Structures are given as structure tokens and as C-alpha cells.
Amino acid sequence: MQRHRSVRSLPEEVHDDSEEQLVTTLYREFGGPLLRNVRRLTGGDQQWAEDVVQETVFRAWRNAGKLNREPGLLWAWLMTVARRIVIDAHRQRSVRPQEVEPDRLDSVAIPDGSEPMLSAMVVSEALYSLSEEHREALVQTYLHDRTINEAAEVLGVPPGTVKSRVYYALRALQKTMKEKERG
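Let us look at the structure shown here. What you are looking at is a predicted structure, and each value in this text was computed from that prediction instead of being measured.

All right, on to the packing of helix 3 (residues 46-62) against helix 4 (residues 71-95) then. The interhelical angle for the contact between helix 3 and helix 4, taken along N-to-C directions, is 125 degrees, at an axis separation of 9 Å. In this view, helix 3 runs oblique relative to helix 4, as classed from their interaxial angle. At the point where helix 3 passes helix 4, the crossing takes the right-handed sense. Together, Trp 48, Val 52, Glu 55, Thr 56, Arg 59 and Ala 60 of helix 3 and Trp 77, Leu 78, Val 81, Ala 82, Ile 85, Val 86, Ala 89, His 90 and Arg 93 of helix 4 make up the contact between the two elements. Classifying every residue of the contact of helix 3 with helix 4 by side-chain character gives 10 nonpolar, 2 polar and 3 charged.

Printed below as a string of C-alpha cells:
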């Protein structure tokens, strides 16, 4: 059972005409059914299906002298060629890396490590603008991940003093960072 519209015989011109007339006749007689079948093979991708049909007809034109012009055989030849083009494209896509649109390449961020390093330099500089007591309270609690009581023990001061130093050190750091952003 054929799936394309019934073509009892191709027009007489296909049997004895030029190769260019063959292309016109192939599109007229088989273009629609071929496109529908190829669209299914390409998963509904209209653009790809159109490209496959065009390539199939091009190959028919190149092989015009060898083609059997009987409609059933011609249809089978066109479908076989189209199916092979789709299969070859699937194989080719599976071994090639996925293509990236050029406009998306412009916006791809490439990590270079400079941002964290710059941030560390700014924070380090801001830390050194603090008094020794405030800086040491922050180092013990944030960098060494100690509790207020542990930091108080290491620093030899009461826990309330460590809390106070951390509070004022953080406020001073915020102020310094805001000034650096503005200026």
C-alpha cells in the first residue's frame, strides 16, 4: 500500500525530457507526500525535513540517467534516499559536539578567578583598616570559626568584650566597604 497520492504513471515528459524537467515533476508529483514522510523521520522538524527533501531531489537530478521512471520504483528510491540522509545526519550529530549559537558565545562567562581574588583583596584591605582588637575578634570568630566563648578564651578577654568588638568591627567594615564602592 502506497502512502503518497496515487500516481498511475508519470507524465510522458518525465520519461524523455531534460533533467531539469525531472526536478519540477518530482516536486509536483512526490514533493508533498515525501515532505510528510520525511517530517515524521525528522521528529517533526519542518526545516530539516525541507532540507532532506531538497537533498533527495538533488540526488535524483544527479542520478537522472540511472533512475527507473516507473512511479512505484521512483517513490521507493526517493524514500530510501531520504531515509538514508536522515540516518546519516543522526549519526553525524551523535559524534559531533553540540553546536552553540554564536550570539550565545558572546555572553558565556569564563571563570578566571579574578573576582574572588579581588574580593579577598578588598576585604583584606578593609580588615587592616580596623583596630587590632576589632580585627582579632573577627579573625577568631569568622575565619577560625570559633564561638564567642572560645574566642574570648583565646584572646583572654570576657565574652561580652568579644561580642562588642565583633559588632563594632562589622559596622566599621560595612562603612569602609560602602566608601570603597562610592569612591
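Glancing now at the pattern of salt bridges. Applying the stated criterion across every chain, the model contains 3 salt bridges. Here Glu 29 ties to Arg 28 by a salt bridge, and the two come within 3.5 Å at their closest N and O atoms. Residues Glu 55 and Arg 59 are paired through a salt bridge, measuring 2.8 Å at the closest nitrogen-oxygen approach. Taken as a pair, Glu 55 and Arg 59 lie in helix 3 at a separation of 4 residues, close to a single helical turn.

Because the α-helix completes a turn every 3.6 residues, residues three or four places apart line up on one side. With 17 residues, helix 3 extends 24 Å from end C-alpha to end C-alpha; this agrees with the ideal 24 Å at 1.5 Å per step. A distance of 3.2 Å separates the backbone nitrogen of Gln 47 from a side-chain oxygen at the start of helix 3, and that oxygen is part of Asp 45.

The backbone of Asp 145 sits at a positive phi, close to 55 degrees, despite the residue not being glycine. Considering the arrangement of structural elements, one finds Asp 145 in the loop between helix 7 (132-143) and helix 8 (148-155).

Of all hydrophobic cores here, the largest spans 23 residues; its most connected members are Leu 26, Phe 30, Leu 34, Val 38, Val 52, Val 53 and Leu 78. Going through the elements one at a time, helix 2 (19-41), helix 3 and helix 4 are the ones with two or more residues in this core. For this core, the leading source of residues is helix 4, giving 9 residues. Once residues lying within four places of it in the same chain are set aside, the contact partners of Leu 78 are Leu 26, Phe 30, Leu 34, Thr 56 and Ala 60. Leu 127, Leu 130, Ala 137 and Ala 152 belong to the second-largest nonpolar core, a separate cluster that totals 11 residues.

Each value, and the rule that gives it
Residues numbered from 1 in each chain as written. Predicted model: local features only at pLDDT ≥ 70, side-chain atom pairs only at ≥ 80, totals over all residues. Heavy atoms only, no water. Axes fitted to C-alpha atoms, helices over the stretch in contact; angles between N-to-C directions. Helix = DSSP H or I, 4+ residues; strand = E, 2+ residues; numbered from the N terminus. Parallel < 35°, antiparallel > 145°, perpendicular 65-115°, else oblique. Left-handed = near helix turned anticlockwise from the far one by under 90°. Contact = heavy atoms within 4.5 Å. Nonpolar A, V, L, I, M, F, W, Y, C, P; charged D, E, K, R; others polar. Salt bridge = Lys/Arg side-chain N within 4 Å of Asp/Glu carboxyl O. Expected span 1.5 Å × (residues − 1). Polar contact = N/O pair within 3.5 Å; in protein donor to acceptor, adjacent residues only side chain to side chain. Core = buried A, V, L, I, M, F, W, Y, C linked by side-chain atoms within 4.5 Å. Buried < 20%, exposed > 50% of the residue type's maximum accessible area, 1.4 Å probe, protein only.

Just distances and angles here, no functional claims.
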